[in-house]
Amino acid sequence: MIDVRSICAIGRRGQLGLAGRLPWEGCREREYVADVERFFAITQGHVLLAGPRTVASVPAFAKADRTVVAIRSGERPQDVLARYEGRVVFIGGGPPVWDAYARFIRHWDITRLPYDGDADRWFNPEWLVAR
Ligand SMILES: NC(=O)c1ccc[n+]([C@@H]2O[C@H](COP(=O)([O-])OP(=O)(O)OC[C@H]3O[C@@H](n4cnc5c(N)ncnc54)[C@H](OP(=O)(O)O)[C@@H]3O)[C@@H](O)[C@H]2O)c1
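Residues numbered from 1 in each chain as written. Predicted model: local features only at pLDDT ≥ 70, side-chain atom pairs only at ≥ 80, totals over all residues. Heavy atoms only, no water.

K.L.:
I tried to follow the side chain of Asp-35 on my own but got confused; where do I start?
P.N.:
Counting through the fold element by element, Asp-35 comes out in helix α1 (residues 30-43). Comment: no salt bridge for buried Asp-35; closest opposite-charge side chain is Arg-38, at 5.0 Å. Within the structure, the side chain of Asp-35 is placed 3.1 Å from the side chain of Thr-111, a separation counted as a polar contact. Beyond its immediate chain neighbours, meaning those up to four positions away, Asp-35 contacts Ala-9, Thr-111 and Leu-113. (Helix = DSSP H or I, 4+ residues; strand = E, 2+ residues; numbered from the N terminus. Buried < 20%, exposed > 50% of the residue type's maximum accessible area, 1.4 Å probe, protein only. Lys, Arg positive; Asp, Glu negative; His and termini not counted. Salt bridge = Lys/Arg side-chain N within 4 Å of Asp/Glu carboxyl O. Polar contact = N/O pair within 3.5 Å; in protein donor to acceptor, adjacent residues only side chain to side chain. Contact = heavy atoms within 4.5 Å.)

K.L.:
Teacher, can you tell me more about the environment of Asp-65 here?
P.N.:
Mapped onto the secondary structure, Asp-65 falls in the loop between α2 (52-56) and β4 (67-70). Residue classification places Asp-65 among the partly exposed positions, given a relative accessible area of 32%. For the pair formed by Asp-65 and Gln-44, sequence separation is 21 residues and the distance between their alpha carbons is 5.8 Å. Other than its neighbours up to four places away in sequence, Asp-65 contacts Gln-44 and Gly-45. There is a polar contact of 3.5 Å between the side chain of Asp-65 and the side chain of Gln-44. There is a polar contact of 2.6 Å between the side chain of Asp-65 and the side chain of Arg-66.

K.L.:
Hey, could you run me through the site of the ligand in this one?
P.N.:
Neighbouring the ligand are 25 residues, the closest being Ala-9, Arg-53, Thr-54, Arg-72 and Ser-73. At a separation of 3.4 Å, an oxygen atom of the ligand approaches a polar backbone atom of Leu-22. For the ligand, an oxygen atom lies 3.1 Å from a polar atom in the backbone of Pro-52. Out of a free accessible area of 920 Å², the ligand has 83% covered by protein chains. Judged by the fraction of its atoms near the pocket grid, the ligand is located in the largest pocket. When residues of the shell around the ligand are assigned to their parent elements, the largest contribution, six residues, is made by helix α4 (residues 95-101). Looking at the shell around the ligand, its residues break down into 14 nonpolar, seven polar and four charged. (Near = heavy atom within 4 Å. Areas by Shrake-Rupley, 256 points an atom, 1.4 Å probe, with all protein chains shown as cover. 1 Å grid on protein atoms, 1.4 Å probe; cavity = no way out; pocket = protein on both sides within 12 Å on 5 of 7 lines; lining within 4 Å. Sits in = over half its atoms within 2 Å of the grid points. Nonpolar A, V, L, I, M, F, W, Y, C, P; charged D, E, K, R; others polar.)

That's the geometry; what it means functionally is another story.
Structural data, given as structure tokens:
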């Protein structure tokens with residue numbers, strides 16, 4: 001069995017990304033720092049599959065204690081997931097990746113942050129009921 005999950009953080013209106021980074025990057029308030037710490041605690045030891053831009057934003061130290069893999073649009077989601085039999089796999093975005101993998105995800109972990117600024121990537125609630 002492959003335990004396919006997802007973890008993400010969104011702003012007040014579903015903001016996900018801005019210019020290749022988290023929209024709230026650099027915010028030092030407690031909620032933002034706690035969210036990043038929680039992300040690393042929950043994904044530790046597991047597999048994180050994400051698009052190339054998201055993987056490029058993962059800090060090098062994070063690759064030491066989790067399996068971080070950039071997935072590509074030319075691969076079939078079923079074939080990608082089959083490589084991780086017995087593992088917990090987190091689908092880490094961005095939006096085109098969630099479009100393709102949402103129907104396989106059985107658990108979503110979504111933190112809503114108090115951010116209310118700009119974004120160029122948005123959460124799509126249809127992912128939660130994709131089939
Ligand atoms: N707030 C959060 O929790 C969170 C989480 C993740 C990302 N983000 C943000 O989102 C932004 C990055 O997302 P992004 O969408 O721009 O880039 P991305 O992470 O590179 O994801 C999109 C790319 O994934 C690849 N891909 C892999 N498998 C695919 C499939 N089956 N179908 C379609 N595409 C697939 C495609 O690239 P190829 O065609 O080149 O293979 C696609 O262009 C950043 O701003 C990042 O900070 C935020």
